[in-house]
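Observations on the model geometry
Chain by chain, the residues run as shown.
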Amino acid sequence: QDRSVYGDDFTLICMLEGNMEQFHGVFINSKMGKHYTHPIHIMGFAPAKHHLLAIEEGYAIHFSDGGTGGSNEIILESMDDIEEREDVTLTQINYKNEDVRYRLLARNRALLIYSGRWNFGNYNLLFNNCEHFVTFCKTGQSQSSQARSFFQDAFLVGLSLIARKPQYASMVLARRFNMQALYTIF
């Protein structure tokens, strides 16, 4: 990307002539430092969500394997380009604490990783994915509710096989693929 994103907070403050109250209002109403998702399908069929962090009004940083199965790709991209390429609308994830300081910290963590000053490691669908990246930026702790849910589902399917109780597996499949009819099959 040719666009520099490292000085926009300073630029915004200068544009507002140092008026911190006005800066606070502009920043709070902006997308900067906010967490967004959009629906995807892993391997073409498993529904999931891709996570990204807005670093300025129209740009976001996200983590992907880039289709390579494990490379470390921290990507800076226009939010409009993401929506257009994926044919989706981005959905904002709300956090309890969304003050300026908290959002700037999230944004700065993302920029430090993007710039290579912090290493976030290689992409791994279950242990170091896009959701791990964004939750680390937002909270300082790398977590993925999607990965946790996958392991819970795998446990239920395994239990279903061991106990010979297909209803556990049908519940998992029904929840994963929104197929209400599976609940009634078994």
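Our subject is the structure that appears above.
Moving on to the side chain of Asn129. By secondary structure assignment, the location of Asn129 is in the loop between α4 (100-114) and α5 (130-139). A distance of 2.8 Å separates a polar atom in the side chain of Asn129 from the backbone nitrogen of Glu131. Polar side-chain contacts of Asn129 include one of 3.5 Å to the side chain of Ser144.

Turning to the packing of α4 against α5, a few remarks are in order. Two elements in contact, α4 and α5, have axes separated by 7 Å at closest approach and are oriented at 130°. Comparing their axes, α5 and α4 come out oblique. As for how α4 packs across α5, the hand of that crossing is right-handed. Contacts between α4 and α5 involve Tyr102, Arg103, Leu105, Ala106, Arg109, Ala110 and Ile113 from the first element and Phe133, Phe136, Cys137, Lys138 and Thr139 from the second. Across the contact of α4 with α5, the residue classes tally to eight nonpolar, one polar and three charged.

To continue, consider α4. With 15 residues, α4 extends 21 Å from end C-alpha to end C-alpha; this agrees with the ideal 21 Å at 1.5 Å per step. Where α4 terminates, the next one or two residues include Gly116, which has phi positive at roughly 90°.

Residues Ile55, Ile61, Phe63, Ala110, Ile113 and Phe133 are the most contacted members of the largest nonpolar core, which totals 18 residues. Secondary-structure elements contributing two or more residues to this core are β2 (46-56), β3 (59-64), β4 (73-78), α4 and α5. Counting residues per element, this core draws most heavily on α5, at five residues. Once residues within four sequence positions are removed from consideration, Phe133 is found in contact with Ile61, His62, Phe63, Ile74, Ala110, Ile113 and Phe120. Counting seven residues, the second largest nonpolar core, distinct from the first, contains Tyr36, Leu52, Ala54 and Ile82.

The residue Asp87 is not glycine, and still its phi comes out positive at about 55°. Along the chain, the position of Asp87 falls in the loop between α3 (79-86) and β5 (91-93). The class for Asp87 is exposed, based on a relative accessible area of 71%.

Next up on the list: the pattern of salt bridges. Taken as a whole, this structure holds five salt bridges when the rule is applied. A salt bridge links Arg85 to Glu86; its shortest N-O distance comes to 3.1 Å. By relative accessible area, Arg85 is classed as partly exposed at 47%. Two residues, Asp99 and Arg101, come together in a salt bridge whose shortest N-O distance is 3.6 Å. Classification of Asp99 as partly exposed rests on a relative accessible area of 27%. One salt-bridge network, in which partners are shared between bridges, spans Glu77, Arg85 and Glu86.

Another point: the packing of aromatic side chains. Applying the stated criterion across every chain, the model contains seven aromatic pairs. Residues Phe63 and Phe120 carry aromatic rings whose centres are separated by 5.4 Å and whose planes lie at 85° to one another, so their mutual orientation is edge-to-face. Residue Phe63 is located in strand β3, and its partner Phe120 is located in the loop between α4 and α5; the two are separated by 57 residues in the primary sequence. Accessibility expressed as a relative area gives 0% for Phe63, which makes it buried. When its relative accessible area of 12% is taken as the criterion, Phe120 is described as buried. Judged by centre distance (6.4 Å) and plane angle (55°), the ring pair of Tyr95 and Tyr102 falls under tilted. For the pair Tyr95 and Tyr102, a shared accessibility class is recorded, and that class is buried.

What counts and what doesn't
- Residues numbered from 1 in each chain as written.
- Predicted model: local features only at pLDDT ≥ 70, side-chain atom pairs only at ≥ 80, totals over all residues.
- Heavy atoms only, no water.
- Helix = DSSP H or I, 4+ residues; strand = E, 2+ residues; numbered from the N terminus.
- Polar contact = N/O pair within 3.5 Å; in protein donor to acceptor, adjacent residues only side chain to side chain.
- Axes fitted to C-alpha atoms, helices over the stretch in contact; angles between N-to-C directions.
- Parallel < 35°, antiparallel > 145°, perpendicular 65-115°, else oblique.
- Left-handed = near helix turned anticlockwise from the far one by under 90°.
- Contact = heavy atoms within 4.5 Å.
- Nonpolar A, V, L, I, M, F, W, Y, C, P; charged D, E, K, R; others polar.
- Expected span 1.5 Å × (residues − 1).
- Core = buried A, V, L, I, M, F, W, Y, C linked by side-chain atoms within 4.5 Å.
- Buried < 20%, exposed > 50% of the residue type's maximum accessible area, 1.4 Å probe, protein only.
- Salt bridge = Lys/Arg side-chain N within 4 Å of Asp/Glu carboxyl O.
- Phe/Tyr/Trp six-rings, centres within 6.5 Å; stacked < 30°, edge-to-face > 60°.

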